[in-house]
Amino acid sequence: MLCQRCQQRPATVQFTKIVNGQKSVQHLCEKCAREQGTFFTAPMQTLDFNHLLSGLLNMESSPGFSPTPSQARCSNCGMTYQQFTEVGRLGCPHCYESFAGRLDPLLKRIQNGTEHMGKIPVHAGKQVQLRKHLERLRQELKQAVAFERFEEAARIRDQIRSLEEQLESNRG
Amino acid sequence: MSLSDFLKRATSRWMKDGGPEDDIVVTSRVRIARNLDDVPFPILQTDSHANQVIDTMRRAMDTPEFRALGKFDLLRCSETSPLDRQVLVEKHLISKDLAAAERHGAVALREDELVSIMINEEDHLRIQCILPGLRLNEAWQLANKVDDALESHMVYAFDERLGYLTACPTNVGTGIRASVMMHVPGLVLTGQIERMLGAVSHVGLTVRGIYGEGSESAGNLFQVSNQVTLGESEQEILQNLSGVVQQLIDHERSARRYLLSEMREGLEDRVCRSFGILAYARRMDSKETLQRLSDVRLGIDLGIIKGVSAGILKELMVMSQPAFLQKYYNEELSPAERDIRRAALIRERLRMDDAEVH
């Protein structure tokens with residue numbers, strides 16, 4: 001959930017106010033929570049799973065560690081690595097790619113390697129194949145245009161269109 | 001409404017039915033985490049993202065593949081009362097986190113309550129199957145079927161190298177968490193439990209109390225589950241867990257035999273004393289309830305108490321929880337009032353059976 005005040009950072013603080021028996025709950029990021037109120041005190045330092053995980057995330061001595069500046073930001077959802085270490089949750093599926101340099105050493109430590117050995121979704125498997133095929137055709141199209149083989153280029157372009165439609169309809 | 005009618009209506013299949021090794025294994029549970037490809041994870045969700053996930057789920061549920069899996073209802077947290085959500089937590093059908101996700105959370109629940117799909121909890125979807133007794137493979141197959149049916153109507157976040165992508169890196173890969181809830185009074189009474197649990201954590205498994213992460217263990221009930229989700233197949237994960245659970249079962253059985261042969265009087269006294277308290281006490285808190293129920297269940301398993309159904313432990317373990325009590329008595333109850341009603345409910349439940357104590 002995003003902070004209800006700034007709508008920018010993930011909400012990590014639950015702000016409960018009871019006035020004359022009327023209870024209201026707000027979900028805020030730490031910054032807004034601090035700005036918001038006189039009632040706010042520092043979050044309790046409890047040793048829970050998140051803290052253990054963020055402790056691991058901040059260990060710089062891990063083998064294979066490659067520096068990702070903490071300002072590193074996922075281009076898709078905008079989450080920064082710093083935010084991830086604070087909440088212990090990634091913002092979107094693309095974060096895995098954006099923070100790969102830091103996540104791989106972590107996965108090696110908390111998981112049994114970094115290669116998925118289990119179930120592969122049938123449908124997504126097909127999508128992956130379609131996407132790879134599409135990529136190949138786009139290369140061929142460039143080639144065909146470069147060598148002025150226009151008839152072939154037109155044929156490839158039609159193939160690309162139909163594949164794109166197929167990908168699109170699979171999504172819906 | 002009579003208690004027996006309420007029990008029939010309000011309890012899940014896993015609370016009523018038996019299963020393999022169910023003198024020790026209470027439930028087998030498998031949950032798999034799945035996320036949609038093009039939507040931020042719930043932690044960064046806006047209202048429209050959350051609705052997108054729920055709408056996608058609604059559409060997927062309205063397909064022949066999904067309808068073949070049984071009758072499901074979709075409940076939005078915003079449309080249910082906190083009390084009703086807490087009842088679902090107590091029945092192990094949703095997590096505390098989902099119950100708290102008032103704005104965005106939802107759950108798709110199968111009629112028999114063996115399958116539940118949590119929506120917009122930590123991940124977009126968490127498919128959970130819970131079966132009585134030791135039936136991990138069956139639970140996985142059921143979850144797998146639900147997964148297949150959903151997958152043909154939505155695109156999952158899946159990476160060829162890392163597998164299913166999840167909000168927390170501790171779930172990435174298979175996204176599977178398999179857990180077995182075990183009742184092991186023998187290991188506790190013979191003082192072996194610490195050593196056993198220590199050993200379990202060395203083979204990639206974790207142990208927690210009955211209401212999941214961070215919950216205290218009570219009533220000699222423990223949940224053993226896998227920790228690793230990446231780098232092993234679902235089958236390997238389940239086999240590893242089953243293997244360890246089988247060993248714990250063997251140790252528990254021999255501990256019970258030891259107690260019967262070497263400490264019979266002490267054991268009988270403990271069991272019968274607890275039975276007496278449950279049958280006559282006027283005030284019971286949750287913790288004592290679980291401990292006494294555990295003793296009585298052990299007495300049933302060892303033939304010390306006859307005529308009381310063995311399911312009484314898991315039935316009352318859930319029924320005596322705060323939200324369930326308030327649901328049954330249909331009123332809001334303070335903790336002190338709950339202790340009085342809890343004792344009354346237990347006495348009433350015990351009177352449904354014809355106990356014979358030797």
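Quick note: structure is the one above.
Residues numbered from 1 in each chain as written. Chains lettered and ligands numbered in written order. Predicted model: local features only at pLDDT ≥ 70, side-chain atom pairs only at ≥ 80, totals over all residues. Heavy atoms only, no water.

1. Quick word on the packing of helix 1 (residues 3–10) of chain B against helix 14 (residues 322–329) of chain B
Residues and elements named next belong to chain B.
Part 1 of the argument: Two elements in contact, helix 1 and helix 14, have axes separated by 11 Å at closest approach and are oriented at 125 degrees. Overall, the two elements helix 1 and helix 14 adopt an arrangement that is oblique. Remark: the crossing between helix 1 and helix 14 carries right-handed chirality. Here L3, F6 and A10 of helix 1 come into contact with helix 14, specifically with F324, K327 and Y328. (Axes fitted to C-alpha atoms, helices over the stretch in contact; angles between N-to-C directions. Helix = DSSP H or I, 4+ residues; strand = E, 2+ residues; numbered from the N terminus. Parallel < 35°, antiparallel > 145°, perpendicular 65-115°, else oblique. Left-handed = near helix turned anticlockwise from the far one by under 90°. Contact = heavy atoms within 4.5 Å.)

2. A short note on the nonpolar core
Note on soluble globular proteins: their nonpolar side chains tend to be buried together.
Part 1 of the argument: Counting 113 residues, the largest nonpolar core has B:V30, B:M57, B:F66, B:I117, B:L150 and B:M182 as the members making the most contacts within it.
Part 2 of the argument: Residues A:C95, A:L107, B:F41 and B:L44 belong to the second largest nonpolar core, which totals 25 residues. (Core = buried A, V, L, I, M, F, W, Y, C linked by side-chain atoms within 4.5 Å. Buried < 20%, exposed > 50% of the residue type's maximum accessible area, 1.4 Å probe, protein only.)

3. Structural notes on helix 13 (residues 312–319) of chain B
Part 1 of the argument: In terms of burial, helix 13 of chain B is largely enclosed, as 8 of its 8 residues are buried.
Part 2 of the argument: Taken together, the buried positions of helix 13 of chain B are occupied by B:I312, B:L313, B:K314, B:E315, B:L316, B:M317, B:V318 and B:M319.

4. Focus: the interface of chain A and chain B
Part 1 of the argument: Listed by partner, the interface residues are 43 residues for chain A and 48 residues for chain B.
Part 2 of the argument: Each partner contributes to the roughly 3800 Å² buried at the junction of chain A and chain B, and carbon and sulfur atoms together form 59% of this total.
Part 3 of the argument: The three residues of chain A that bury the most area against chain B are A:Y96, A:H116 and A:K119, which together make up 19% of that side's buried surface.
Part 4 of the argument: Our count for the chain A to chain B interface comes out at 4 salt bridges. (Buried area = accessible area lost by both parts, 1.4 Å probe. Salt bridge = Lys/Arg side-chain N within 4 Å of Asp/Glu carboxyl O.)

5. Focus: the pattern of salt bridges
Part 1 of the argument: Within this structure, the stated rule accounts for 35 salt bridges over all chains.
Part 2 of the argument: A:K119 is paired through a salt bridge with B:D148; the nearest N and O atoms lie 2.8 Å apart. Linking A:K119 in the loop between helix 5 (100–110) and helix 6 (122–146) with B:D148 in helix 7 (residues 136–151), this pair reaches from one chain into another.
Part 3 of the argument: Ionic pairing is found between A:R149 and A:E152, a salt bridge with its closest N-O pair at 2.7 Å.
Part 4 of the argument: Judged by its relative accessible area of 26%, A:E152 falls in the partly exposed class.
Part 5 of the argument: Among the ionic contacts, a cluster of salt bridges with common partners joins A:R89, B:E121, B:E122, B:D123 and B:R126.

6. Some words on the side chain of B:S179
Part 1 of the argument: For B:S179, the position within the fold is in strand 8 (residues 176–183).
Part 2 of the argument: Other than its neighbours up to four places away in sequence, B:S179 contacts B:T27, B:S28, B:R29, B:L136, B:Q223, B:V224, B:S225 and B:L241.

7. Section: the state of the cysteines
Residue and element names in this part refer to chain A.
Part 1 of the argument: Following the criterion strictly, the structure yields 0 disulfides over all chains and no others.
Part 2 of the argument: Here C77 is not disulfide-linked; the sulfur of C95 is the nearest cysteine sulfur, at 3.6 Å.
Part 3 of the argument: Of the residues examined, C77 reaches a relative accessible area of 21% and is grouped as partly exposed. (Disulfide = S-S within 2.5 Å.)

8. A short note on helix 10 (residues 234–262) of chain B
Part 1 of the argument: Here helix 10 of chain B contains 29 residues, and its C-alpha end-to-end distance of 42 Å stays within 8% of the 42 Å for a straight helix at 1.5 Å per residue.
Part 2 of the argument: For helix 10 of chain B, the complete set of buried residues consists of B:E234, B:I237, B:L238, B:L241, B:V244, B:V245, B:L248, B:I249, B:E252, B:A255, B:R256 and B:L259. (Expected span 1.5 Å × (residues − 1).)

9. Points about the sheet that holds strand 10 (residues 221–226) of chain B
Residues and elements named next belong to chain B.
Part 1 of the argument: Pairing in this open sheet of 8 strands is antiparallel, and the strands run 2-3-4-5-1-8-10-9 from one edge to the other. Across the chains shown, the open sheet's two edge strands, defined by having one partner strand only, are strand 2 (72–76) and strand 9 (205–208). Averaged over all neighbouring strand pairs, the angle between strand axes comes to 20 degrees, with direction disregarded.
Part 2 of the argument: Both strand 1 (residues 25–34) and strand 5 (residues 125–132) contribute to a ladder of 8 bridges, which runs antiparallel. Considered in strand 5, the bridge of R29 is made with I130. (Pairing = 2+ DSSP bridges.)

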